[in-house]
Every structure is written in C-alpha cells, then in structure tokens.
Amino acid sequence: MSAQAAPVLNARGLSKVYGNLVALADADFAVRPGEVRALIGSNGAGKSTLVKILTGAIVPTGGRVEIGGEPVPLGDPLGMIRRGVACIYQHSNLAPAMSVLDNIFLGRQPTGRFGIVDTRRQRREAAALLARHGIEIALDAPVGTLPTVKQKEVEILKALALDARVILMDEPTAWLASADVARLHATIRALRQRGVAIVYISHVLDEIFAVCDTVTIMRDGRVVAESQLAETDRAQVVQLMVGETLARETVAAARQQRRPRGTGEIRLRVRDLGRRGVFGGVSFDLHAGEILCLTGLIGSKRTELVRCIFGSDRFDAGTIEIDGRAVSPRSPVEGIASGIGFVPEDRHREGLMLDMTVTDNLVMATLDRHRRGPLLSLAGMARAGRRAIDDLSVRPPGGGTAVKLLSGGNQQKVLVGKWLALGPRILILDEPTVGVDIGAKAEIYAILRREREKGAAILMVSSDLEEVMTVADRIGVMVSGRLSAVHDAGSVGMDEIVREIGGGTP
Amino acid sequence: MTIRFASAALVLFFAATIAFFSVSAPRFATASTVENLMSSFSFVAILAMGQAFPLLVRGIDLSIGAIVGLVGMVVFDLSLIFQVPGWIILPAALLVGTAAGALNGALVVCLRLQPFIATLATLAAYRGLTYAVSGRQLVPGLTTTPIRDPWIVGIETYLDVGRWTGLSTFVNMPWLPLSFVIMLGVFVVLQAALSSTRFGRDVYATGGNHEAARLAGIPIGTVTVCAYSISGFCAAIAALIMVARFTTATEALGTGMELSSIAAAVIGGVSLAGGVGAMFGPAVGAFLLGTILIGLTLQGVPQFVQQIITGAILLAAVGYDRLLWLRRERRPAAGAGPA
Amino acid sequence: MTAPADRRGTVRARPAPMRHLAPNALPVAMAVAVAVFALLEPAFLSIDNLVGIARQVAIVGIMAVCMTFVIMTGGVDLSVGPVLALAGLAAFFALDGGHPLPVVLLAGLAVGAAVGLANGLTVAVLQLPPIIVTLAMLSIARGTALIVGGPEQHLIRNEPAYSFIGTGSVLGLPFSVYVFAAVAGLMILVQRRTPLGLLVAAIGDNERAAYLSGHRIRITKTVVYVICGTGAALAGIIQSSQVHTALATYGPFGTELDVIAAVVLGGTSIMGGNGSVARTVLGVFFLGILNNGMNILNVPIDIQLIAKGAIIVVALSVAARRA
C-alpha cells in the first residue's frame with residue numbers, strides 16, 4: 001500500500017437530503033491507490049447513499065468528488081465506470097443466459113470485420129485475466145446456471161477487465177463459503193499489489209480485519225471515524241458503529257420500564273429452529289408482555305429466522321410452539337391465523353401499497369372484519385382508519401391520503417398500524433425504524449410499549465444498539481445464523497453486547 | 001457461445017411427430033407432403049424468426065401481420081399501378097417493412113411506450129395504411145389482374161434438386177421451393193448475427209438484464225430499434241413470398257399471423273421475458289406446427305380440431321419451459337452461506 | 001406484473017409510477033371530440049345518433065369493464081373473441097333444445113365462466129404467462145366453437161324473449177345499453193365496495209405485500225379471469241341476439257385488441273396496477289365517440305384505423321410523460 005500517494009478517489013462534503021430526512025451529511029471519503037478501505041455502518045447509516053453517489057446512481061445535494069485529482073460530474077453511472085470506478089453490487093449485474101466469457105466483456109467484446117466477435121482474442125484475454133488472479137471458471141457456462149459464488153467471481157472479473165482504478169464491493173462475501181472467501185481475499189491482495197483501490201463494504205468484522213488496511217465508520221448519515229485497522233480492535237469498531245454510551249437519562253428511563261419475561265406466560269417457544277444453509281439451532285422463549293430484541297450484524301440471518309416463524313419462509317429443522325400448540329406456518333395466511341403479525345423490513349417492497357390510501361393500507365390485513373355480506377363497510381373501514389391514525393399520530397391525519405405522500409416515519413406507523421389492527425398475540429417487527437426520523441422513532445417505541453402493556457409478545461429485529469438498549473426487555477444476539485445468547489436488558493452492559501455482536505467470546 | 005440453440009426436447013418432439021404421422025396418416029411420408037410443408041410454412045418460419053428479435057429484447061411485435069399486409073399492398077401497387085420493374089420493387093418492399101419495424105422500435109424507445117401497446121397501435125395504423133394505399137380500391141379493375149413481373153413471380157419457383165443431385169433416380173424427391181431456400185438464407189444470416197457479432201451479444205444482454213446492459217455502455221435504444229426493424233424486415237420477406245404465391249395482394253393479407261409467429265417462437269424456446277432463444281427454435285417451431293396441421297389434415301381431422309391442438313401444444317411448450325425453470329430454481333446453489 | 005425481486009435474482013427498482021392519464025385528461029379529450037364532431041356535423045348530436053353510439057359500445061363495453069380487473073393484476077385475456085362465439089352457440093343450442101330463457105342464458109354464461117376458469121387457474125396456479133395462456137386458449141376456444149357449431153350460420157328464429165336482449169328497447173334506449181349500464185355499475189360496485197375490488201388493486205400495486213398481508217392471491221387472480229370470461233359470454237349472447245345468428249367465427253381477431261385499447265385508454269396500465277372500471281367506461285365511450293364521429297363524417301376506414309393507432313400512441317405517451 002502506497003503511503004502518501006494522492007488519493008485516486010476523493011469525495012468531500014457529500015450530503016443528501018430527501019425531504020426532511022437527512023440520509024447523508026457532510027461526508028468525506030478518500031482511497032489511495034493500492035489501499036483496501038473498509039466501509040461499515042448499520043442500516044440507515046448512510047453507507048448505501050454514499051455508495052450510490054460514488055457510482056453515479058444518484059446526485060448528491062452537496063459536495064464534490066475527484067477521481068485522479070480531477071473533479072467529475074456526478075449522477076452519471078456510465079461516466080463513473082469510464083473513469084475507472086466499478087461497483088460489484090449485491091444484486092446480479094449479469095445477463096444470466098449469456099456465457100461467462102460474454103458477461104466479462106459485456107458490451108465490449110473485441111470485434112473484427114462486420115462486427116464479428118473475435119472469440120479467440122476474447123478467450124485469450126479472459127484466460128490471461130483468470131491466470132493473473134488465480135480464478136478458475138468455465139468460460140462457456142451460462143452465468144445463470146452457476147452457483148452464486150461463481151457469479152460473484154464473474155462480476156469481479158468483469159470489473160477487472162475494465163481496468164478499474166477503484167472497485168467498490170458491496171457485501172461481496174454474502175453468499176460465499178469460507179474457502180471462497182479466502183480466494184476472494186487473495187484476489188484483493190493481488191489487486192492491491194497492482195495499485196487498484198478497493199472499497200470493501202461489509203459487516204463481517206473477521207474479514208475486514210483480515211484483508212483491509214483502513215476503515216471508515218458511518219453512523220446516522222455521518223462519517224464518525226476513520227482509522228488504520230492495525231490501530232484499533234473489534235470492540236472499538238463496533239462501539240463506533242452502534243453509538244457512544246447512551247445518555248444517562250435515557251438509560252435510567254429505559255431501566256424503569258423494563259419487563260423481562262413480561263407476565264411470565266410463554267407465548268412463543270422456539271426450539272432448535274433451523275433452515276439448511278441459513279441458520280440453525282435457534283432456541284428461545286418469548287413471553288407475553290415483553291419486548292425481545294434480536295440484534296446482531298447484518299448477515300446474521302435474523303430476518304430469515306423471523307420470516308420462518310411467521311410463515312413467509314419455510315424452516316426445515318426444529319419446532320415452533322405458540323401458546324403451547326405446535327405450529328408450522330407455511331404461508332402468511334397460516335401465520336396470521338396463529339396470531340402473528342409481521343412488520344417486514346422493507347416497507348416499500350413488502351409492506352405498503354404506495355398508491356393506495358392510508359385507510360386502505362391500514363385495513364389491508366383485517367378486511368374480514370369489515371365485511372357486511374358480500375360488501376365492505378366503507379364507513380367501518382374509515383372509522384377504523386381514523387381510530388388508528390389517531391392512536392398512532394399519523395400525520396397528515398387524513399385517511400384518504402395516498403401513502404406514498406407520507407414521510408418515512410409516518411409510512412412506518414401506517415404499516416405497524418395495519419398489523420396492530422389484527423390485535424396480534426405475537427408481533428414481529430423487522431428493523432422497524434430504518435429511515436425514520438427521530439420524532440417518529442420515539443412515537444413508535446411508545447406504541448410498542450403500549451402494546452406490551454396490553455399483553456402482546458413482541459419480537460423485534462434491530463441492528464441499532466441504541467434502540468435496542470432503549471426498548472428491549474431482553475436482548476438476543478445472533479451471529480452468523482446462530483443465537484449466541486439471550487440476556488435480560490437490565491443486567492448486561494452495552495460493551496458486552498458489542499463484544500458478542502463482533503463475534504467475540506461472551 | 002452457449003445460448004440455448006433449441007432444446008433437445010423440441011427436436012425430439014418434432015422427430016416424434018414426424019414419425020407418428022408417417023405411420024398413422026396416409027400419404028404423409030411422401031415427397032408432395034414435404035414439398036407442401038416447405039412451401040406453405042417457410043414464410044411462417046421467417047415470421048417466427050423475425051418475431052424472435054423483439055421477444056429477445058423483452059418486447060413483442062403485435063403488428064408483424066399488419067406489416068405483411070402493408071408490404072404486400074405496396075408491392076401490388078408498385079407492380080400493377082406504377083409498373084415499376086421488379087428489381088426495384090424487391091428492395092423497396094424490404095425498405096418499407098424495415099421502416100415500419102423501425103417505427104415500432106422508435107415508439108418503444110423514444111416515447112417509452114410498452115411494446116404491447118405500441119405494436120397494438122401500429123397494428124391498427126399499418127392496417128389502416130394498407131387500406132389507404134390499396135390499389136384494389138383505387139383501381140378496381142386491378143382486383144383480378146395477376147402480378148406477372150418475373151422478379152416477383154419468380155419467387156414462387158420450385159427447384160428440381162432431385163435431378164441436379166441425381167437422387168431422383170433412387171427416390172421420389174420433393175422439389176425444393178425457393179421460399180424454403182430464402183428461409184434458409186434468412187436463418188443463416190440472422191443466426192450468424194445473433195451468435196457471432198457484437199450486435200447479437202448486445203441483443204441478448206439488453207433482453208437478459210436491461211440495467212446491466214445499460215451500465216455496460218450498450219446502446220440499448222439502438223439495439224431495440226434494430227430488433228424491431230429486423231422483425232419488419234422479415235415481415236417484408238414473408239409478404240413477398242405470399243404475394244408471389246397468390247400473384248396478388250389483399251387488404252387482409254397477414255391477418256392473424258402475429259399469433260402464429262408468437263406461438264412458433266415460444267414453442268421454439270424464445271422466452272417472453274427476453275434474453276433467451278435463437279433462430280433454430282422458431283424455425284423448427286413453425287415447421288412443427290405445419291407438420292401437425294398437415295398430418296392432421298391428411299388424417300382427416302377437421303380443421304377445427306387442429307386449432308385446438310395448436311393451442312394445446314403452445315400451452316405444453318410454455319408449461320414445459322416453466323417446469324425447467326422451476327427445477328433450476330429449486331436446486332440449491334452450491335456453497336451457500338454460513339451456518 | 002409489479003415485480004418484486006425478479007426470479008433471476010436481479011433486484012429491479014420499483015416499477016415506474018403508474019402510467020395514468022391525468023384524471024381530467026380523458027373527459028376533456030372526450031368533450032373536445034364531441035365538440036369537434038358536433039361542429040362538423042350537427043347530426044352527431046341527434047338523439048338517434050347518441051343512442052346509436054351507446055348501442056354500438058355496449059358489447060365491447062361489457063367486455064372491457066370485465067377485463068379491467070384482469071389487466072389491473074398485470075394480466076391480459078386474448079381469448080375473449082372466441083368466447084363471444086361460444087356463448088352465442090351455447091345459447092342457440094339451448095334454445096334449440098326448447099329450454100326456457102333462464103337456462104339458455106345460464107348455458108351461455110357458464111361457457112364463458114368455464115373458459116375464464118381454465119385461464120385463471122393456469123395463470124394463477126401454474127403461473128404461466130397470461131399472454132401465452134390466453135393466446136393458446138384463443139385457439140382452443142375457436143376450434144371448439146367450430147367443432148360445436150360448424151362453419152354454418154345458425155339462425156335464431158321465433159325467440160322473441162331472447163331477441164329482445166339484443167334488439168329490444170326500453171324507453172327509447174336499447175335493452176343492451178341497460179345491460180351494459182348494469183354490468184358496469186356492478187363492476188364499479190365490486191371495485192369500490194367489495195374485498196375483491198380492494199384486493200385486485202392491492203395485487204396490482206404490490207403483490208408481495210398483499211401476499212404477506214395474508215391474502216389468497218391465487219384465488220383472487222382466478223376469479224378475475226372468470227369474471228372476464230363471463231363478461232365476454234354476456235357480450236356474445238347480446239351479439240347473437242342482435243343479429244339473430246350464432247356463428248362460430250364471431251368475435252374475430254381484433255376484438256380483444258379493441259377491448260384492451262378501451263381499458264388502456266381509460267388509464268389502466270397494461271403492466272398492472274391502479275385502475276378504474278369507471279374510467280374504462282369513459283375509455284369505451286371515447287373510442288365509441290371517435291368511431292361514430294368518423295363514420296358520420298364519412299372518414300374512410302383506413303384513416304379511421306390510422307387515427308385509432310395514433311390516438312393510442314399519443315394518449316399513452318402523454319401519460320408516460322406525466323408519470
């Protein structure tokens with residue numbers, strides 16, 4: 001790694017504001033040639049916004065970017081690629097029916113006369129590329145038939161073939177087995193030798209400490225720290241990610257309201273729950289009248305776990321008991337019938353009907369209640385809507401507003417309200433306050449506490465430790481698909497949680 | 001290049017169909033049947049291959065039949081009203097068809113209309129244009145005048161391949177329709193373009209992953225317009241073949257052919273979702289449909305039942321495709337994540 | 001087909017905002033058209049002519065309001081043409097067999113519902129693409145119609161009750177118009193006030209979220225195809241009653257495209273999503289006004305076809321711009 005060479009990518013003062021939500025504020029980010037910089041931060045930390053600006057997918061509200069010392073126009077994906085900034089995304093950027101060879105040279109196959117592809121030259125260049133980076137892959141296989149591992153390698157090869165100067169890798173090892181991770185890291189080291197700069201976006205601290213030189217930590221839309229990895233350790237990194245120790249008042253207030261194990265009645269009992277290749281051996285109890293927060297890094301498979309409990313995914317090992325009865329929900333219909341409400345992580349993709357009204361969304365899960373014969377009681381629906389809007393302080397308070405016009409926080413309240421209308425005995429929420437402003441966050445916490453008083457059993461997935469420490473009665477930590485421990489919120493310190501999340505021994 | 005040529009299943013099914021009818025239908029396995037198949041379905045194969053291109057870029061061309069009608073009428077007018085010599089008419093016809101296709105592409109790319117809607121609109125517009133320029137209306141006396149221009153009529157020739165190769169001394173050889181040779185020519189050129197040129201790669205990329213193609217710098221707008229232009233071009237060729245056969249053109253020429261072209265292409269393995277398919281499949285699909293129709297006719301099965309069977313085969317083809325896809329999705333990716 | 005992560009793992013950005021005509025664009029366009037035609041040919045506004053428009057649009061109108069739900073769920077039904085013919089034939093044979101009118105009607109409607117059920121199950125359960133499924137069904141249904149009815153015309157004679165459906169008048173308006181109004185009213189009611197209507201909109205908006213909210217998507221999707229088929233059957237009964245004939249080749253190719261055009265002009269996107277039966281009715285009348293106006297002005301058929309195409313293009317690209 002070159003010590004003081006000028007940065008090849010230099011972003012200064014980047015900010016992005018969506019309405020009243022500040023996604024990114026005054027962020028600086030730079031990488032030098034041959035540097036491997038980790039970029040980490042929880043959901044909503046501003047990471048993906050920063051990456052989108054750097055790849056040209058969105059235009060920032062403020063700030064500038066220089067590549068190789070020259071300022072570049074922003075918001076032009078093709079332009080960024082041409083200037084040597086490549087990104088390997090989590091979703092596939094390949095044409096699945098085309099061969100590996102064609103994908104590597106997508107849009108740039110070397111041609112001879114009449115535009116006929118010079119396959120021999122293509123193969124030669126590809127073989128050289130493979131040899132240089134020690135990757136083995138069948139050049140003629142259709143990319144869609146390859147396992148995800150190999151598809152990621154093709155994406156990397158594609159970026160390498162473009163002679164990128166900066167390669168951003170967004171969760172590159174999300175689906176890789178350990179042996180493949182080692183190979184990927186070897187590739188990264190080889191790239192580093194050749195002076196390529198790499199931005200490694202990941203949550204797997206082991207990997208970050210293994211292969212990266214430096215780290216940039218983001219939280220709440222800001223860059224909160226930069227460091228050489230050699231000068232820090234896991235605990236410090238996680239602490240920077242999830243926040244300073246809480247203000248004392250919040251801690252005290254939180255402590256007063258904690259009710260570990262709620263009323264003592266076990267509502268949900270999970271034993272050895274597993275889904276092959278995803279998570280395994282998960283066992284815990286959830287009591288009526290308590291809030292159990294499942295925390296951990298992204299990639300710890302908490303969403304996958306709770307989906308299996310609800311029924312939108314299937315599990316293949318272990319048991320679930322609700323109120324003492326064994327259940328195995330195979331669809332949301334069955335999950336709801338068992339008394340479970342599920343607020344999904346992505347409210348836009350899986351939660352709300354954005355073009356429909358607030359009222360329509362609020363009653364979407366409880367339509368049966370408003371049937372009068374073959375018809376719906378519109379008056380009844382409007383009444384239920386008004387009640388919920390009042391209850392949850394949805395603003396603006398009109399049932400007829402299209403949900404897409406609401407702020408993120410209010411949209412989330414509508415989504416939660418939809419499930420609360422069911423009066424669920426078990427309420428599962430997956431990252432309920434991502435992209436939600438502070439005020440709405442507090443309101444949502446109050447709503448959850450109220451439901452808890454009414455006797456609901458609440459299971460909440462959250463990566464925001466501050467939130468967890470505020471709201472949880474008990475805290476479960478998941479690491480790489482295993483539930484490592486469940487603590488009473490009152491009797492565990494944040495440091496310990498932080499350590500567990502990072503994968504250290506509890 | 002491992003773009004799926006045509007599934008083995010299709011070819012096997014085709015062979016099985018031929019075998020079945022050879023045994024069960026009288027007079028099926030004869031030279032005249034083969035000749036009939038080639039002369040009656042070569043243009044369907046050409047239309048199917050043309051339709052494949054919009055399908056490959058995740059679109060559709062509902063107006064292909066209307067373009068056939070339009071080109072046919074243009075040929076009629078140029079030949080009988082304006083007495084234009086045939087060697088000018090041929091390229092003019094191709095030009096008209098290609099331009100009509102290009103307009104489809106422009107509507108999809110520049111106005112960002114859904115392909116279904118854009119080609120639905122041009123279906124009406126081109127048919128209307130056909131009526132508007134119809135020589136049959138303008139000069140009523142021409143309705144019974146056959147086209148005699150040798151360049152055009154010459155398309156409807158039969159080549160005595162048997163005599164050339166000397167094979168006819170051993171077996172009764174069918175005469176080879178020129179339209180079949182044209183179809184082969186179209187097949188060779190289009191398949192070569194698809195599998196050997198950068199354009200072909202770009203077509204697959206645009207249909208296979210639109211966003212990835214865009215980020216790779218592929219000019220997806222141009223590629224799309226070209227795809228629709230090819231469809232129009234093939235429609236023009238088909239029109240020439242039909243006009244040559246009937247020595248005239250009517251306003252209704254080509255009606256309903258969009259359906260057969262789509263059916264043949266889908267049976268031939270071209271995916272509606274784009275990015276999958278080649279030229280061999282649609283051509284085989286067209287001749288498969290033709291074989292079944294001819295075979296059933298020889299068996300005395302009424303035409304109405306044939307329609308039902310055609311529909312059933314289309315369903316089976318697409319159902320089989322879906323089955324394959326499901327099986328592929330269910331296979332767990334090797335080396336999946338932790339735990 | 002509003003798609004969540006599509007099957008190949010490519011995460012698609014949420015589909016572009018629904019392509020709507022701005023709410024007032026269509027009525028304004030209709031008013032303009034009426035004004036233009038009335039100016040050019042005052043006879044356009046005569047009661048006779050206006051009633052004629054209503055009668056002309058009744059058949060396509062019934063099919064269009066019943067197909068709206070299908071299109072809202074991101075599907076399409078290309079098989080409505082042959083269903084027209086099949087229903088007419090079914091009614092004819094029932095009449096021939098001496099059955100009372102209710103049975104006759106039931107026979108016709110049942111045929112449409114059966115085709116719709118086949119379409120719906122194949123699309124919803126087997127998850128095959130609607131274009132191809134209904135395209136295949138078009139072939140199958142047409143073949144069946146030809147087998148059942150043969151190529152000859154079947155005259156419907158001495159059936160005053162049946163003939164009234166297509167040719168009778170009540171208070172000066174054709175009975176078929178009342179039927180159209182009733183069906184349209186029923187569909188609007190279903191859309192606005194039944195769970196089905198809400199669900200169809202929800203599926204069109206976000207099918208994944210509707211699934212996660214505990215709704216039975218497959219049943220809903222099947223039902224909308226049954227409705228579409230039944231509507232086509234009703235239209236077929238009216239048509240055969242109007243011309244006193246049942247013929248296996250009624251509902252020729254192009255019928256389904258007229259229906260789809262009406263729905264799409266009404267503002268429902270062909271890709272699925274927000275839509276409105278009421279606006280489909282407007283779309284139907286818009287096309288009807290254009291057709292009638294152009295006929296009255298003796299605009300030749302070719303220009304009419306070109307105009308129809310141009311209008312669809314203009315209307316929808318304007319819509320695309322506004323989105």
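Treat the numbers as computed from the prediction; the structure is a model and nothing was measured.

Attention now moves to the overall build of chain B. Within chain B, the secondary structure is distributed over 15 helices and 2 strands. With the principal axes as the frame, chain B shows a C-alpha extent of 80 × 50 × 40 Å. Residue burial in chain B is summarised as follows: out of 339 residues, 56% are buried. Sequence separation of 24 or more characterises 79% of the internal contacts of chain B that already satisfy a separation of 6 or more.

Glancing now at unusual backbone geometry. A cis amide bond, omega 0°, links Arg395 of chain A with the succeeding residue Pro396 of chain A. Tracing the backbone shows Pro396 of chain A in the loop between α14 (378–392) and α15 (408–420). Even without glycine at this site, Ser480 of chain A takes up a positive phi of about 50°. You can see Ser480 of chain A is positioned in the loop between β21 (474–479) and β22 (482–488). Of note in the backbone geometry, His244 of chain C takes a positive phi value of approximately 55° without being a glycine.

Time to look at the domain arrangement of chain A. Per the domain assignment, the segments of chain A are domain 1 (9–242), domain 2 (248–339 + 424–501) and domain 3 (356–423). Centre-to-centre, using C-alpha coordinates, domain 1 of chain A lies 42 Å away from domain 3 of chain A.

For the rest of this paragraph, the subject is the interface of chain A and chain C. Where the parts come together, the accessible area they lose is often given as the size of the interface. Counting residues at the interface gives 28 residues for chain A and 24 residues for chain C. Of all the elements in the fold, those that place two or more residues in the side of chain A that touches chain C are α11 (332–337), α12 (347–351) and β18 (375–376) of chain A. Considering each element in turn, the side of chain A that touches chain C owes the most residues, 4 residues, to α12 of chain A. In the side of chain A that touches chain C, the residues fall into 17 nonpolar, 6 polar and 5 charged.

Moving on: the pairing of strand β10 (residues 222–228) of chain A. All names here are of chain A. In terms of strand pairing, strand β9 (residues 214–219) meets β10 through 6 bridges, oriented antiparallel. Bridge pairing links Met218 to Val223 in β10. Count of turn residues in the β9/β10 antiparallel hairpin: 2 residues, of which Asp220 carries a positive phi of about 55°.

Turning our eyes to something else, we now look at the confidence of the model for chain B. Mean pLDDT over chain B stands at 87; residues scoring 70 or higher make up 94%. A low-confidence stretch, residues 332–339 of chain B (pLDDT under 50), is modelled with 24 contacts involving residues beyond four sequence positions or located in other chains.

Before going further, it helps to spend a moment on helix α9 (residues 178–196) of chain B. Residue and element names in this part refer to chain B. Over its 19 residues, α9 runs 26 Å from end to end, which matches the ideal 27 Å to within 8%, given 1.5 Å per residue. For α9, every residue scored as buried is listed here: Ser179, Phe180, Met183, Val186, Leu190, Ala193 and Leu194. Take α9 and look down its axis: the buried residues cluster within an arc of 150°, on one side only. Those residues of α9 that are exposed and aimed more than 90 degrees away from the buried face are Gly185, Val188 and Val189. Among the structural elements, α2 (31–56), β2 (176–177), α10 (198–208) and α12 (220–246) are those in contact with the buried residues of α9.

Before going further, it helps to examine the sheet that holds β9 of chain A. Residue and element names in this part refer to chain A. Pairing is mixed across the open sheet formed by 6 strands, whose spatial order is β6-β7-β8-β3-β9-β10. Single-partner strands in this sheet number two, and they are β6 (85–88) and β10. Strand-to-strand twist of the sheet, defined as the mean angle between neighbouring strand axes without regard to direction, takes the value 20°. Pairing geometry for β6 and strand β7 (residues 166–170), over 4 bridges, is parallel. Bridge pairing in β7 links Cys87 to Leu168.

Turning next to the pairing of strand β4 (residues 62–67) of chain A. Residue and element names in this part refer to chain A. Where strand β1 (residues 9–18) meets β4, 5 bridges bridge the pair, whose relative direction is antiparallel. Bridge assignment links Asn10 to a residue of β4, and that residue is Glu66. With 2 bridges connecting them, β4 and strand β5 (residues 70–71) associate as antiparallel partners. Bridge pairing in β5 places Glu66 opposite Pro71.

On to the interface of chain C and chain B, then. Opposite the 40 residues of chain C that make contact, chain B presents 40 residues. Counting residues per element, the ones that place at least two in the side of chain C that touches chain B are α5 (130–149), α10 (255–265) and α12 (301–322) of chain C. A per-element tally of the side of chain C that touches chain B places α12 of chain C first, with 14 residues. Across the side of chain C that touches chain B, the residue classes tally to 28 nonpolar, 8 polar and 4 charged.

Below, the discussion takes up the environment of Ile237 of chain B. As for its placement among the helices and strands, Ile237 of chain B is situated in helix α12. Assessed through the 27 C-beta atoms surrounding it within 10 Å, Ile237 of chain B is described here as buried.

Attention now goes to the packing of helix α8 (residues 195–212) of chain C against helix α9 (residues 217–243) of chain C. Residue and element names in this part refer to chain C. Taken N-terminus to C-terminus, the directions of α8 and α9 make an angle of 135°; their axes are 10 Å apart at the nearest point. Relative to α9, α8 is oriented oblique. The handedness of the crossing between α8 and α9 comes out as left-handed. Between α8 and α9, the contacting residues are Leu196, Leu199, Val200, Ile203, Glu207, Ala210 and Tyr211 on the first element and Ile217, Thr220, Val223 and Val224 on the second.

Let's shift gears to the sheet that holds β4 of chain A. Reading across from one edge, β2-β1-β4-β5 (chain A) is the order of the 4 strands in this open sheet, with antiparallel pairing throughout. Taken across any chain shown, the strands that pair with only one partner, and hence form the sheet edges, are β2 (21–31) and β5 of chain A.

Residue and element names in this part refer to chain C. Packing of α10 against helix α11 (residues 277–296) leaves a shortest axis separation of 7 Å and a crossing angle of 120°. In this view, α10 runs oblique relative to α11, as classed from their interaxial angle. Crossing of α10 over α11 shows right-handed handedness. On the side of α10, the interface is formed by Ala261, Ala262, Val263 and Leu265, while α11 contributes Thr280, Gly283, Val284, Phe286 and Leu287. Partitioned by chemical class, the residues of the contact of α10 with α11 number 7 nonpolar, 2 polar and no charged.

On to helix α1 (residues 47–54) of chain A. All names here are of chain A. Listed as buried for α1 are Lys47, Thr49, Leu50, Ile53 and Leu54. One side of α1 holds all its buried residues, which, seen down the axis, span an arc of 165°. The positive-phi residue at the C-terminal boundary of α1 is Gly56, with phi of around 85°.

Scoring rules and cut-offs
Residues numbered from 1 in each chain as written. Chains lettered and ligands numbered in written order. Predicted model: local features only at pLDDT ≥ 70, side-chain atom pairs only at ≥ 80, totals over all residues. Helix = DSSP H or I, 4+ residues; strand = E, 2+ residues; numbered from the N terminus. Buried ≥ 20, exposed ≤ 12 C-beta atoms within 10 Å, placed from the backbone. Contact = placed C-beta atoms within 7 Å. Domains from an automatic or database assignment. Nonpolar A, V, L, I, M, F, W, Y, C, P; charged D, E, K, R; others polar. Pairing = 2+ DSSP bridges. pLDDT = per-residue confidence, 0-100. Expected span 1.5 Å × (residues − 1). Arc of directions from axis to C-beta. Axes fitted to C-alpha atoms, helices over the stretch in contact; angles between N-to-C directions. Parallel < 35°, antiparallel > 145°, perpendicular 65-115°, else oblique. Left-handed = near helix turned anticlockwise from the far one by under 90°.

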